[in-house]
Structure formats: C-alpha cells, structure tokens
Amino acid sequence: MKRILIVEDEVAIAELEKDYLELSGFEVEVETDGAAGARRALEEEYNLVILDLMLPGMDGFEICKMVREQKNIPVIMVSAKRDDIDKIRGLGLGADDYLTKPFSPSELVARVKAHLARYERLIGSGVKENEVIEIRGLKIDKTARRVFLNGEEKIFTTKEFDLLTFLAQNPNRVYTKEELFREIWDMESVGDIATVTVHIKKIREKIEYNTSKPQYIETIWGVGYRFKV
Ligand code: CA
C-alpha cells in the first residue's frame, strides 16, 4: 500500500484530506507540526508528501527543501494564499505540484494518483536504462553483455553470460540443473544437464577467487546451484 504523509496544522483540513485519500486506498499519516513533519518525511518511508506552507515549527518551504536534498518522492504543496503559491513556484523548490486552498478533496486525490503514477514510470524506466547488476566487485552489464570483476573485464560466451545473468537476477534461490538447462538452452537443444555443470565450472574459473570455495555461485549438493547475495 502506498504511504502518504500530510503535514498540515489545520486539523479539519488534514482529516478531510486523510479521509478521501484513505477511501482511495492509501495509507495516510498526519503531522501537525512542521519540524516533526520534516523529521518524519526524512526518516520514514513515504511514497508522497503533502505539505502545507504555513506551519508551526518549520514552514513548508524549509521542509520541501530538506526533502528534496535527500529524496525524489513527489511533494505537493498547499497554501491558502494564491500569492504564496506563485512565490514558491518562482523559488523553484522542487515541489511537484501546488494547490491553493480551498481545493476539492477529489482534486487532491486525482493529483496524488497522477504524481504517484508518474513517479512509478520514472523509476521503472530508470531501472531499464541502467541494466547493471553489481555484487561484491562483480559487475554484469546486461545491455553491453559484458562482465567485470573488480574493474577487469572477463570474456564470457553467450551461454555462460546468460547463465550467470539468470542466476544473479534470481539470487538466493536454488535451481536444479534441469531447471537451468531449460531456462538457458531452448527446449529443442540437444544436450543434457552435464552441459550446465561444465558452464558453471567455466563461469567460476572467471569470477571466483577460489573455485573450491565459490563466493558467488554455490553448489547445493544433490539439488543444484544458488547465486549468493
Ligand atoms: Ca497552515
């Protein structure tokens, strides 16, 4: 469930916002003090923060600035004064949206949903662009299909690369040789599970410091292999 923090000192408004957001399926917490709100926004895990501008303790400007320095979650600022909204827009504090009070709760819900969806897309595409797996000195660049160990490139064949990447993407899970064979070699491939053993051995020679005590691909005797994270 997505978690939202509302920092708002007018309890009636905060409760109204909370009710509407909860009806839309969000988990909502309210903080009425600015300084406490800032602390929670920074220390706890929220998917979105709604900030009132005028607050006791610390104003919405300051909170927004602090959140922006550490997090890229969406921030929506609200204020009773149109002028203030124009002013904060001008300051470029990095809030994602601004609302002038009074606004309809459904308007707020619509904006919250839009910003969360946009943020998800951003994060999602970020993962795709950066298809690199890094574990204890081992770096697998999926886009370039290259493998590095402590910065030194190791040359992998296609199947070795596919096998290593598959295991590294599904860490801490034990796969049998049969499963790995089916996963990496297509169904029609002629071959047997000994092929998997041979490939694991070759991968280990390239990435393990000590192949008899592998730190990446572990042998689970009688079962198969597991990539350790
Ligand atoms: Ca206020």
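Remember, it's a predicted structure, so these values are computed and weren't measured experimentally. (Residues numbered from 1 in each chain as written. Predicted model: local features only at pLDDT ≥ 70, side-chain atom pairs only at ≥ 80, totals over all residues. Heavy atoms only, no water.)

Enquirer: What exactly am I supposed to notice about the overall build of the protein here?
Expert: When you go through the protein residue by residue, the secondary structure sums to eight helices and 12 strands. Its C-alpha atoms give the protein a radius of gyration of 25 Å, clearly above 17 Å, the size a compact globule of 229 residues would have. Across its three principal directions, the C-alpha atoms of the protein cover 70 × 35 × 25 Å. When the 229 residues of the protein are sorted by exposure, 41% land in the buried category. Taking as baseline every contact in the protein between residues at least 6 positions apart, the subset at least 24 positions apart corresponds to 54%. For the protein, the accessible surface area stands at approximately 12500 Å², while carbon and sulfur atoms represent 51% of it. Of the side chains in the protein, 35 bear a positive and 42 a negative charge, and the two mean positions are spaced by 7 Å. (Helix = DSSP H or I, 4+ residues; strand = E, 2+ residues; numbered from the N terminus. Rg over C-alpha atoms; globule rule 2.2 N^0.38 Å. Buried < 20%, exposed > 50% of the residue type's maximum accessible area, 1.4 Å probe, protein only. Contact = heavy atoms within 4.5 Å. Areas by Shrake-Rupley, 256 points an atom, 1.4 Å probe, with all protein chains shown as cover. Lys, Arg positive; Asp, Glu negative; His and termini not counted. Charge placed at Lys NZ, Arg CZ, Asp CG, Glu CD.)

Enquirer: Sorry if this is basic, but what is going on with the side chain of Glu 31 here?
Expert: Considering the arrangement of structural elements, one finds Glu 31 in strand β2 (residues 27-31). One polar contact links Glu 31 to Arg 40, side chain to side chain, over a distance of 2.9 Å. (Polar contact = N/O pair within 3.5 Å; in protein donor to acceptor, adjacent residues only side chain to side chain.)

Enquirer: Just to check I follow, could you spell out the domain arrangement of the protein for this structure?
Expert: Interfaces are often sized by the amount of accessible area the parts lose when they come together. Taken domain by domain, the protein comprises domain 1 (3-126) and domain 2 (132-227). Of note, the centres of domain 1 and domain 2, computed from C-alpha atoms alone, are 45 Å apart. (Domains from an automatic or database assignment.)

Enquirer: Would you mind going over the sheet that holds strand β11 (residues 217-220) with me for this structure?
Expert: Strand pairing in a sheet relies on backbone hydrogen bonds. The paired strands run either parallel or antiparallel. The three strands lie next to each other as β10-β12-β11, forming an open sheet whose pairing is antiparallel. The open sheet is flanked by β10 (174-176) and β11, the only strands paired with a single partner. Averaged over neighbouring strand pairs, the angle between their axes works out to 30 degrees when direction is ignored. For β11 and strand β12 (residues 224-227), the ladder comprises four bridges, and the chain directions are antiparallel. Bridge assignment links Ile 217 to a residue of β12, and that residue is Phe 227. Helix α6 (residues 158-169) rests against β10, β11 and β12 of the sheet, and its axis sits at about 65 degrees to β12. In the packing of helix α7 (residues 177-184) onto the sheet, the strands contacted are β10 and β12, and the crossing angle to β10 comes to about 80 degrees. (Pairing = 2+ DSSP bridges. Axes fitted to C-alpha atoms, helices over the stretch in contact; angles between N-to-C directions.)

Enquirer: Please clarify how the coordination of the calcium ion should be interpreted in this entry.
Expert: Four donors placed tetrahedrally around a metal ideally meet at 109.5 degrees, and six donors placed octahedrally ideally meet at 90 or 180 degrees. Protein coordination at the calcium ion comes from Asp 9 (OD), Asp 52 (OD) and Met 54 (O), with a distance range of 2.1 to 2.3 Å. Here the donor residues of the calcium ion share one chain and are spaced in sequence as D-x42-D-x1-M. (Donors = N, O, S within 2.8 Å, 3.2 Å for Na, K, Ca; no water.)

Enquirer: Sorry, what's going on with the side chain of Glu 17 here?
Expert: Looking at the element boundaries, Glu 17 is found in helix α1 (residues 11-23). Once you skip the residues sitting within four places of it in the chain, Glu 17 turns out to touch Ile 6, Glu 8, Ile 50, Phe 103 and Leu 108.

Enquirer: I tried to follow the nonpolar core on my own but got confused; where do I start?
Expert: In summary, soluble globular proteins display a tendency toward joint burial of nonpolar side chains. Leu 138, Leu 164, Ile 217 and Phe 227 are the most contacted members of the largest nonpolar core, which has 26 residues in total. When residues in this core are grouped by element, the largest group, six residues, is from α6. Non-local contacts of Leu 138, meaning those with residues more than four positions away in its chain, are made with Ile 133, Val 147, Phe 148, Leu 149, Leu 164, Ile 207, Tyr 216 and Phe 227. By size, the runner-up hydrophobic cluster in this structure holds 21 residues, among which are Val 7, Leu 42, Val 49 and Ile 85. (Core = buried A, V, L, I, M, F, W, Y, C linked by side-chain atoms within 4.5 Å.)

Enquirer: Help me understand the sheet that holds strand β9 (residues 152-154) in this model?
Expert: Across the sheet, four strands lie side by side as β6-β7-β8-β9; this open sheet has antiparallel pairing. Two strands close off the open sheet at either side, each with one partner strand: β6 (132-135) and β9. With strand direction ignored, the average angle separating the axes of adjacent strands in the sheet is 25 degrees. Across three bridges, the pairing between strand β8 (residues 146-149) and β9 is antiparallel. If you follow Phe 148 over to β9, its bridge partner there is Glu 153. Against the sheet, α6 makes contact with β6, β7 (138-141) and β8, and its axis sits at roughly 110 degrees relative to β7, the strand it touches most.

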